[in-house]
Structures are given as structure tokens and as C-alpha cells.
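Residue-level structure breakdown
Here is how the chains run, residue by residue.
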Amino acid sequence: MEKLFAFLAGFFVRLINQSGQIPSSETLNYDALLSTTLKAYRTKLADNITRGNKYISYLKDKGKFKTQSGGTNIGVPLMHAQNGTADIYSGYGLLDTTPTDGITEAFYEWSQLSVSITISNKEKKQNKGDAKILDLLKAKTMQSEVSLKELLNACLIGGRMTTTAGSDQIKARIGRLDSGAVGPLPLGAFIDVSPSRSVALGNINGGTYAFWRNQATSSAATTFVGLKNEMNRTYNNCGKGVGGNVDICIADQVFWETYWLALQQNERYIINDKKTVDILGGGDALSFRGSMIFWDELMPDPETPYIPFDAYGTAGLGQGGSATASACYMVNSDTMEYIVESETDFDTTPFMRPENQDASVAQVLWMGGTGCNNRRKNGVLYGVSQAIV
């Protein structure tokens with residue numbers, strides 16, 4: 001990042017010094033310099049934000065990162081029934097040509113995220129000189145980058161709850177200033193602790209259609225052996241039928257620590273593949289059968305319940321609270337999609353001066369969503385005791 005900003009600084013300083021290229025006003029000069037530098041950094045900014053989220057980074061590596069050029073909503077094709085004409089025949093035997101349904105489409109709403117980068121006129125004067133103003137932009141951009149990473153992770157992993165009742169529905173987050181604005185759907189919405197809950201996801205109600213229900217296991221384990229048996233059962237339930245099996249498990253911190261203690265010395269549990277380790281941001285990924293487990297500090301407790309990002313509900317031991325339940329979400333990445341609008345993947349706007357502020361403001365904008373094409377291939381093991389020994 002430092003090398004990129006240094007190169008851009010030199011290039012745009014030379015550009016500004018060319019007569020007739022940019023207006024001579026100091027404010028306009030700085031705004032043009034800031035805008036063009038930020039625009040040039042956009043691709044790196046988008047890459048840093050997506051790689052900063054382990055879940056998105058993994059989906060991207062698996063080819064589940066897609067772009068869509070506009071549209072009223074996001075359409076995800078799915079198969080909800082098999083073709084009933086599949087049969088055995090011999091010679092001149094009749095072939096079944098009965099018209100077959102079973103293909104439909106789930107529709108998801110677009111979501112939008114933004115962060116503002118604001119530089120006051122006072123800050124410009126305090127940082128006179130092209131090099132200094134670009135250093136200030138670098139600091140402001142890094143601050144915005146970190147903020148968007150946290151917000152995106154809160155949307156996709158944390159979600160939101162509206163009551164503290166047990167096994168509450170995990171919903172999409174809403175805007176702070178605009179409560180009518182809804183973020184992308186989190187994992188806990190697709191993988192519900194109550195699979196038959198009467199809620200429409202992708203315009204399909206799992207309470208009505210059994211094919212649109214994920215797997216869910218309420219833990220009763222008191223030993224490491226019991227825990228691993230419940231994990232096996234949930235994993236196996238997700239693997240029934242065609243479409244592969246779970247390849248990534250996302251848990252809270254205490255679940256990961258409990259699973260670590262449950263491992264035997266002769267088990268192969270360390271992920272050695274460098275590419276996978278790099279994608280997941282370190283060596284904390286453990287192997288479980290054909291999948292890998294890592295933990296995320298924003299993973300909610302769906303039973304107690306608790307949302308770490310908002311500190312909403314009763315906190316667990318990992319957050320310094322008293323609740324004693326953990327959860328592990330088992331995900332078949334082939335069923336999940338991360339979709340971005342092709343022209344709004346952390347795009348940057350020019351720096352402009354608002355009517356009522358002595359400052360220049362630019363926005364980093366994102367438009368996209370998450371989707372699922374087969375909920376029943378995913379599962380959650382919840383209510384896991386944090387006191388298993």
C-alpha cells in the first residue's frame with residue numbers, strides 16, 4: 001500500500017504541475033489530486049476489504065464470487081425436485097417424456113454499504129504540500145477500509161436480532177441512519193436454528209416448502225466424544241443427496257477451543273495447504289473430515305441468544321459473559337453466492353464540497369448481496385456446552 005501511494009503521489013504531483021491540466025485554485029487542486037489518487041486505489045481497496053473477510057475470501061477462491069450488471073433484484077437459480085422421467089429402458093421400450101418442473105429461482109434484494117472519507121479545509125491547510133495531503137488521504141482511506149471490513153463482516157457473519165428470546169431469528173442488519181435500509185443476508189438467516197420457521201428467504205418460505213430447510217442439531221453433548229458424534233451427524237445430514245458436502249465450518253471462539261481440546265494426538269487436524277491458510281488469514285483453520293473449521297469473533301450465539309457486534313443479549317464466556325452455549329455453522333460453499341453489482345464493487349466517488357461544510361467528502365460505495373441455492377445442504381450445531389471436558 002505504501003509503495004502504491006508513493007507512486008501515485010509522484011505521478012499526480014507531476015500531473016498537477018502541468019499548466020492547463022487542473023484549475024489553479026488550491027482547493028480544487030487538492031480535490032482533484034485526492035479524487036484521482038483514491039480512484040486509482042479502488043481496486044486495491046476492494047481486494048483488501050474482501051480478503052479481510054475469511055468467509056468472502058473463501059467463496060471467491062471457490063468461484064462463488066459473481067458480478068451482476070444491475071437488475072431489480074438478484075436471481076439465484078435452484079433445483080427443488082428431481083427429474084421424474086429418469087428410468088431404465090430396453091430396445092424399443094417407451095421413454096418418459098412427461099414435462100418436468102422442479103427448477104425455480106430464488107430472488108434476493110440488493111443491499112448497499114457506504115463509508116465517507118472527509119477532509120476538512122483546516123486539515124488541508126495543516127497538511128500543505130502534495131506529499132503531506134496524500135499521507136493524510138492514506139490514513140483516512142485505511143481508516144475507512146477497516147470500518148467497511150468490520151461492517152461487512154457484521155452483516156455476513158453477525159447479523160441482527162430483535163428479541164432476546166431463545167432461538168431467535170437472525171436477520172439482516174439495518175442502516176444506522178436509515179432503518180429501512182437492509183444489509184446482505186447473514187449466515188444465520190440461511191442456516192436457521194429453526195429450519196421450518198415461517199420466513200421467506202429468496203422469496204421462498206421454509207415453513208411452507210420442506211426442500212428449503214437447512215439442517216439443525218441442538219447439542220446435548222457433555223463429553224468430547226459426544227460433541228464429535230453430533231458434529232458427524234450434522235455433517236452427514238448436510239451430505240445427503242447430490243450436491244457435495246460441507247467444506248467450511250465457521251464457529252465462535254469457544255467452540256473452536258473446545259474442538260481443539262477434543263482432538264487426539266494421532267488425528268490429522270492441521271491445514272497445511274498454503275493457499276487455504278493464506279485465504280483464511282493464518283493457521284487457525286482446523287480439519288474436520290472434508291471441511292475446515294475456523295472461528296470468527298462476530299459469530300452469534302443463536303440459542304441464548306447473543307450478537308457480539310451489538311453486544312445484544314447475554315454474552316458468552318468468550319465475550320466475558322455468563323452464557324454457556326456455542327455454535328458451529330457448517331457450510332457447503334457450492335450452495336452459497338456472493339454477488340456484487342458490476343459497477344459498484346467498492347467504487348469511489350470524487351471529492352466534493354457539501355453546501356453546509358468547509359470540507360471535501362468522497363464516498364466508497366458497495367452494492368451487492370448474498371444468496372443460497374440449496375439450504376438443506378447446510379447445517380448448524382447449536383447450544384454446545386462451553387464446559388465440556
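All chains use their own residue numbering, which begins from 1 and follows the written sequence. With pLDDT at 70 or above as the cut-off, local features in this predicted model cover only qualifying residues; side-chain atom pairs require 80 or more to be listed or tallied, and sums for whole chains, interfaces and linings still use all residues. For side-chain calculations, the full set of non-hydrogen atoms in the structure is used, while hydrogens and water are omitted.

Comments concerning the sheet that holds strand β4 (residues 111-120)
- Reading across from one edge, β1-β14-β15-β4 is the order of the four strands in this open sheet, with mixed pairing throughout. Each edge of the open sheet is held by one strand with a lone partner, namely β1 (65-68) and β4. Neighbour-to-neighbour, the strand axes of this sheet turn through a mean angle of 30 degrees, independent of strand direction.
- Strand pairing requires that DSSP identify at least two bridges connecting the strands. Helix and strand definitions follow DSSP, with helices as H or I runs of at least four residues and strands as E runs of at least two, each counted in order from the N terminus. Of the pairings in the sheet, the one linking β1 to strand β14 (residues 336-348) comprises four bridges and is parallel in character. Note on β14: the bridge partner recorded for phenylalanine 65 is tyrosine 338.
- Note on contacts: a residue pair qualifies if any of its non-hydrogen atoms lie within 4.5 Å across the two residues. For helices, the fitted line uses only the C-alpha atoms of the stretch in contact; every axis is such a line through C-alpha atoms, and the angle between N-to-C directions lies from 0 to 180 degrees. In this fold helix α4 (residues 54-61) packs onto β1 and β14, with an angle of close to 105 degrees to the strand it touches most, β14.
- Sitting on the sheet, helix α6 (residues 130-158) touches β4, β14 and β15 (359-372), and the angle it makes with β4 is about 160 degrees.

Regarding the sheet that holds strand β13 (residues 325-331)
- Taking strand neighbours across the sheet as the criterion, the six strands line up as β7-β16-β13-β8-β10-β9 in an open arrangement whose pairing is mixed. At either end of the open sheet lies a strand with only one pairing partner, and these are β7 (215-218) and β9 (286-288). Direction aside, neighbouring strands of the sheet carry axes that sit 25 degrees apart on average.
- Pairing between strand β8 (residues 248-251) and strand β10 (residues 291-295): four bridges, direction parallel. When the sheet's bridge partners are listed, alanine 251 is paired in β10 with tryptophan 295.

As for the packing of aromatic side chains
- Each pair of aromatic rings taken from Phe, Tyr and Trp, with Trp reduced to its six-membered ring, is defined by centres within 6.5 Å and is described as stacked if the planes are under 30 degrees apart, edge-to-face if over 60, and tilted in the remaining cases. This structure, assessed with the given rule, holds nine aromatic pairs.
- Their ring planes at 55 degrees and their centres at 5.8 Å tell us that tyrosine 209 and phenylalanine 211 sit as a pair that is tilted.
- Exposure is judged per residue with a 1.4 Å probe applied to protein chains only, and the accessible area is read against the type maximum: over 50% gives exposed, under 20% gives buried, and values in between give partly exposed. Phenylalanine 211 sits in the buried class, given a relative accessible area of 18%.
- Plain terms: the ring middles of tyrosine 338 and tryptophan 366 are 6.1 Å apart, the flat faces sit at 25 degrees to each other, and that makes the pair stacked. Separated by 28 residues along the polypeptide, tyrosine 338 in strand β14 and tryptophan 366 in strand β15 bring together distant segments of the chain. For the pair shown, tyrosine 338 and tryptophan 366 are each scored as buried.
- Among the aromatic residues, those joined into a cluster by ring pairs are Phe65, Tyr338, Phe346 and Trp366.
- Whether a charge sits over a ring comes down to the Lys NZ or Arg CZ being within 6 Å of the ring centre and within 35 degrees of the ring normal. In this structure, lysine 60 is placed above the aromatic ring of phenylalanine 65, and the distance from its NZ or CZ to the ring centre is 4.9 Å.

Digging into the nonpolar core
- Note on terminology: a nonpolar core comprises buried Ala, Val, Leu, Ile, Met, Phe, Trp, Tyr and Cys residues joined through side-chain atoms within 4.5 Å. By size, the foremost hydrophobic cluster in this structure holds 67 residues, and its most contacted members are Tyr108, Met336, Tyr338 and Phe346.
- Here methionine 336 is in contact with Tyr55, Leu59, Lys64, Leu187, Phe190, Ile191, Val331, Gly371, Cys372 and Asn378, once residues within four sequence places are set aside.
- Residues Tyr259, Phe288, Ile293 and Ile388 belong to the second largest nonpolar core, which totals 20 residues.

Describing the pattern of salt bridges
- Between Lys or Arg on one side and Asp or Glu on the other, a salt bridge is scored when a side-chain nitrogen of the former is within 4 Å of a carboxyl oxygen of the latter. All told, the structure shown has seven salt bridges when counted by the stated rule.
- With its nearest N and O atoms 3.7 Å apart, the salt bridge here joins glutamate 145 to lysine 149. Residue glutamate 145 and its partner lysine 149 are both found in helix α6; the two are separated by four residues, about one turn of the helix.
- Lysine 149 sits in the partly exposed class, given a relative accessible area of 27%.
- In this structure, the salt-bridge partner of arginine 353 is aspartate 358, at a minimum N-O distance of 3.5 Å.
- By relative accessible area, aspartate 358 is classed as partly exposed at 42%.

Digging into helix α8 (residues 224-239)
- End to end, α8 covers 23 Å across 16 residues, agreeing with the expected 22 Å (1.5 Å per residue, within 8%).
- Those residues of α8 that fall on the buried side of the exposure criterion are Leu227, Lys228, Glu230, Met231, Thr234, Tyr235 and Cys238. Axial view of α8: buried residues confined to an arc of 155 degrees, hence all on one face. Exposed and oriented more than 90 degrees from the buried face of α8 are Val225 and Arg233.
- The inward-facing, buried residues of α8 abut β7, α9 (253-262), β9, β10, β13 and β16 (379-385).
- Two residues or fewer past α8, glycine 241 is found with a positive phi of approximately 80 degrees. One less than the residue count of a helix, multiplied by 1.5 Å, gives the span that helix is expected to have. The directions from the helix axis to the C-beta atoms form the arc being described.

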